[in-house]
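# Tertiary structure, described
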Amino acid sequence: MRENPVVWLEDVSKGDISLVGGKGANLGEITKLGIPVPPAFIVTSHSYLHFLERPGLIQKIRRTLETLDINQNTQLQEASSQIKESIISAPMPSSIDEAIRKAYHRLGRGLVAVRSSATAEDLPEASFAGQQRTFLNIEGEDRVVAAVQECWASLFEPRAIFYRVQHGFDDLKVGIAVPVQRMVQAEISGVLFTAEPVSGNREQICIEAIYGLGEAVVSGEVTPDRYIVDKRELTILHKMVVKQEQKLVKNPQADGSTRECNVWVALSSREQKKQTLPDEEIIALARIGKKIERHYGSPQDIEWARENDKFYIVQTRPITTLKEAVDVEEEEVKAPLLLSGSAATPGVGSGPVTIVRNISEMDRIKEGNVLVAEMTSPDFVPAMKRAAAIVTDKGGVTSHAAIVSRELGKPCVVGTEVATQTLEDGQLVTVVVKLDGSPGRVYEGRVAVDKEEAEFLGEDVRTLTKVLVNLADPDLAEEMASRDVDGVGLLRAEFIVAHIGEHPRYMLDHGRGAEFVEKLTEGITKFARAFHPRPVVYRTNDFKTNEYRNLKGGEAYEEVEENPMLGYRGCSRYINDRDVFKLEIETIKRVRERYKNLWVMLPFVRTVGELAQAKEILQEEGLRSSQDFKLWMMVEVPSNVILLDDFIDVGLDGISIGSNDLTQLTLGVDRDNSRLAELFDERNDAVLWSLERVISIAKRRGITYSICGQAPSFYPELTAKLVEWGVTSVSVSPDMINRTRQIMAEVERRLGKVPI
Ligand code: PEP
Ligand code: MG
């Protein structure tokens, strides 16, 4: 089989990933189970490697790669285009060419989908996710052959090259297989999740269904019906029937020479209101899903279509988004419950308690301790990194402890009120946190809890909406840059400044401004270098006075404020203490000498006048909007929402919603107040109203609009809403990267926004 340039779906199984890619192997596997899959053949990865042996081709690719500096974006783009062009224009070896044509005939000719799938097993899938192309409704043998070559070429998209070079993988040893599958012209289609994707409930199956093609390219009007089925009993628990006015079908006039070959057709008024899938078909489909899941032993995300009253499965892959769900019910844990509080970071961590009452005690935290404190502040971060879990008396889910633990991936419970009083130094405890709305819990002793560690194995999860990541710790930059993210949407400066440890004004006054710049440059460069050429949005320092006071020398410069959240912070400081602001600007310019992907975002801007003044300072210092420099403003004060048009008039390239502060100020709830934690909810209608308004204004004004508050990291359903409203990007904590991408993909698919 290995010698054949193409193989048939029924001849492959899940062990053949290196030959036919994950997609082909999975479909082959379920074909054997008797699950109906549209017939397909796969151009093997060996064919691709054989093709590379065309005279001069490998040498040409190698030459281009050898002289390439992947950190130079233009060079990278050019190299990518050159290599892709060489692959597309090289003649197809006749043995492969003939085999494809023959197989296409045997498939019955007609319309096919040509997909691609990288096969390198030793590379993280994330590095390839979304890189390779898919062509739908291809017809004619010449076009099929050409599409195969285009899929091969897509292995050399700029980001894929960047990743491989950076990690020392040989570009020319990575294989790619190309499944060619008969197109299903679906009268009804949709997705099926063998676990409820938002709550992570594994007892349920969730089916979404629409009339017409699921691959709709035109966006907009279609919201699917949604059915929830009890997995064990196969009974319908819940149905949400949505009125669908029109459906997308293949254009009967299309001749296969163009990809725009679908048309909208109106549905009759009777059809519009009808439940898309009848009850018995919902059950039949759920049964297929259950069978596939049982075979793989893990929850699956399945694409299906119904053609001529028959169901077809067109793709199955593991659900990658249930990662955070910790599979434990309260009653399953037999150990005594000591405490509970707000669930900040999901996970399970055990260890001896160490209570820290002030900063001088920080060294007492040893590797694997459970850090217990009234609240954390930036000075706690090194100790938080050593901790197995973190528990605080105070704070809500957007407090310092919550944000930092989320970035570091440490299980964290905040706002217990009494942890520092009820727990004892040295006491062995287990912290268990789920993100399903239940409280975070602290149990006595070491409790064994199964953690769900579903790994990200999905392929080709591409989205039009960008996934960005919120970061602060330079030590995480490299690792995070290798993940499936489109950049850093919020680089919080505070972590690096806390690490420097001295008040910048104090350093300036002692003639050590340059040293501050030096150290800040070192920290920021780590991000800009790791993510290059993807953007890194640096949010200028938003320390509050209490945080500044904790820095060496800070007490002399900072007043004790009753309410630092509403005090001397954000943009006001840049205007009133220009010299300190200039140190940050100087740093940004220094980093940008080498890495132009560093942009700037201003936090906590109270008035339009403040924005104008801060912008003027930036311009005077030479930071002007251009092709490669963008200025963003955070929208986190209600005045930003109310007067957004006026703020944009000052001149902004983008905005990013700081939902933590915006919620605090819209609802009048101090985000650090644990007593009010329940009231702090970004899903409140007043906050949602603001989000929708901001997005629609920014959209109308043609600027980038993102969100970087914690909200989408806690409430995936909010991400779905934001994507529906058309947000450009969503910036989340590292643990939510994959889940967010998946949610976006689901919503975009539902909206018919299919990335090509
Ligand atoms: C916000 O307010 O939403 C935000 C992202 O900024 P921070 O949490 O750092 O105040
Ligand atoms: Mg903020």
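Just so it is clear, the structure is predicted and the values come from calculations on it, not from any experiment.

Procedures and definitions
Every residue gets a number counted from 1 within its own chain, in the order that chain's sequence is written. To label them, take the chains in the order written and letter them from A, then take the ligands in the order written and number them from 1. Local features in this predicted model are restricted to residues whose pLDDT is 70 or higher, and side-chain atom pairs enter the listing and the counts only when it is 80 or higher, whereas totals over whole chains, interfaces and linings include all residues. No hydrogens and no water enter the side-chain calculation; it runs on all heavy atoms of the structure. Under the scheme used here, helices are H or I runs from DSSP no shorter than 4 residues and strands are E runs no shorter than 2 residues, and both carry numbers assigned from the N terminus. For this measure, only C-alpha atoms enter the radius of gyration; the expected value for a globule follows 2.2 Å times N^0.38, where N is the number of residues. Remark: exposure states derive from per-residue accessible area (1.4 Å probe, protein chains only) relative to the maximum for the residue type, with buried under 20%, exposed over 50%, and partly exposed in between. It only takes one pair of heavy atoms within 4.5 Å for two residues to be counted as in contact. Definition of nonpolar core: a set of buried residues of the types Ala, Val, Leu, Ile, Met, Phe, Trp, Tyr and Cys, connected through side-chain atoms within 4.5 Å. Ligating atoms shown are N, O and S within 2.8 Å of the metal, or 3.2 Å for Na, K and Ca, and water is not included, meaning a site may look less than complete. When DSSP finds two or more bridges between a pair of strands, those strands are recorded as paired. Every axis corresponds to a line fitted to the C-alpha atoms, with the helix fit spanning only the stretch in contact, and the corresponding angles, defined between N-to-C directions, vary from 0 to 180 degrees. With respect to orientation, any angle under 35 degrees is reported as roughly parallel, any angle over 145 as roughly antiparallel, any angle of 65 to 115 as roughly perpendicular, and every other angle as oblique. Two helices cross in a left-handed way if the nearer one is turned anticlockwise from the farther one by less than a right angle. They cross in a right-handed way if the turn is clockwise. All amino acids are sorted into three groups, where Ala, Val, Leu, Ile, Met, Phe, Trp, Tyr, Cys and Pro are nonpolar, Asp, Glu, Lys and Arg are charged, and the leftover types, Gly among them, are polar.

## What to know about the overall build of the chain
- Across its full length, the chain carries 27 helices and 29 strands.
- A globule of 756 residues ought to have a C-alpha radius of gyration of about 27 Å, and the chain, at 27 Å, matches this closely.
- Reported as C-alpha extents along the three principal axes, the dimensions of the chain are approximately 80 × 60 × 50 Å.
- Within the chain, the fraction of its 756 residues that count as buried is 60%.
- For the chain, the proportion of contacts with a sequence separation of at least 24, taken over those separated by at least 6, is 69%.

## A look at the nonpolar core
- Counting residues in hydrophobic clusters, the biggest one holds 108 residues, and the most contacted among them are L371, F531, L602 and I655.
- The greatest single-element share of this core, amounting to eight residues, is contributed by helix α16 (residues 513–531).
- Excluding residues within four positions of it along the chain, L602 makes contact with T540, Y574, F581, L611, A614, L618, L631, W632, M633 and M634.
- Counting residues in hydrophobic clusters, the runner-up holds 45 residues, among them F51, V112, V178 and V180.

## Description of the coordination of the magnesium ion (ligand 2)
- Bound to the magnesium ion (ligand 2) on the protein side are E636 (OE) and D661 (OD), at distances that span 2.1 to 2.2 Å. Within this pair, whereas E636 is found in the loop between β26 (631–635) and α21 (638–642), its partner D661 is found in helix α23 (residues 659–667), the two being separated by 25 residues in sequence.
- E636 sits in the buried class, given a relative accessible area of 2%.
- Assessed through its relative accessible area of 2%, D661 is described here as buried.

## Quick notes on the pairing of strand β10 (residues 235–240)
- Of the pairings in the sheet, the one linking strand β9 (residues 225–230) to β10 comprises five bridges and is antiparallel in character. By the bridge assignment, I228 is partnered in β10 with H238.

## A short note on the packing of helix α1 (residues 17–32) against helix α9 (residues 279–296)
- Put simply, α1 and α9 touch, their axes get as near as 11 Å, and they point 110° apart. Taken together, α1 and α9 sit at an angle that is classed as roughly perpendicular. For the element pair α1 and α9, the recorded crossing hand is right-handed. Packed against α1, whose contacting residues are N26, E29 and I30, the element α9 presents I292, H295 and Y296 at the interface.
- Here the contact of α1 with α9 is built from residues that sort into three nonpolar, two polar and one charged.

## Things to note about the pairing of strand β16 (residues 347–356)
- With nine of 10 residues buried, β16 is to be regarded as a mostly interior element.
- As defined by bridge partners, β16 adjoins strand β20 (residues 428–433) across six bridges and the pair is classed as antiparallel. By the bridge assignment for β20, G349 is matched with V431.
- Both β16 and strand β17 (residues 370–373) contribute to a ladder of four bridges, which runs parallel. Counterpart to T354 in the pairing with β17 is L371.

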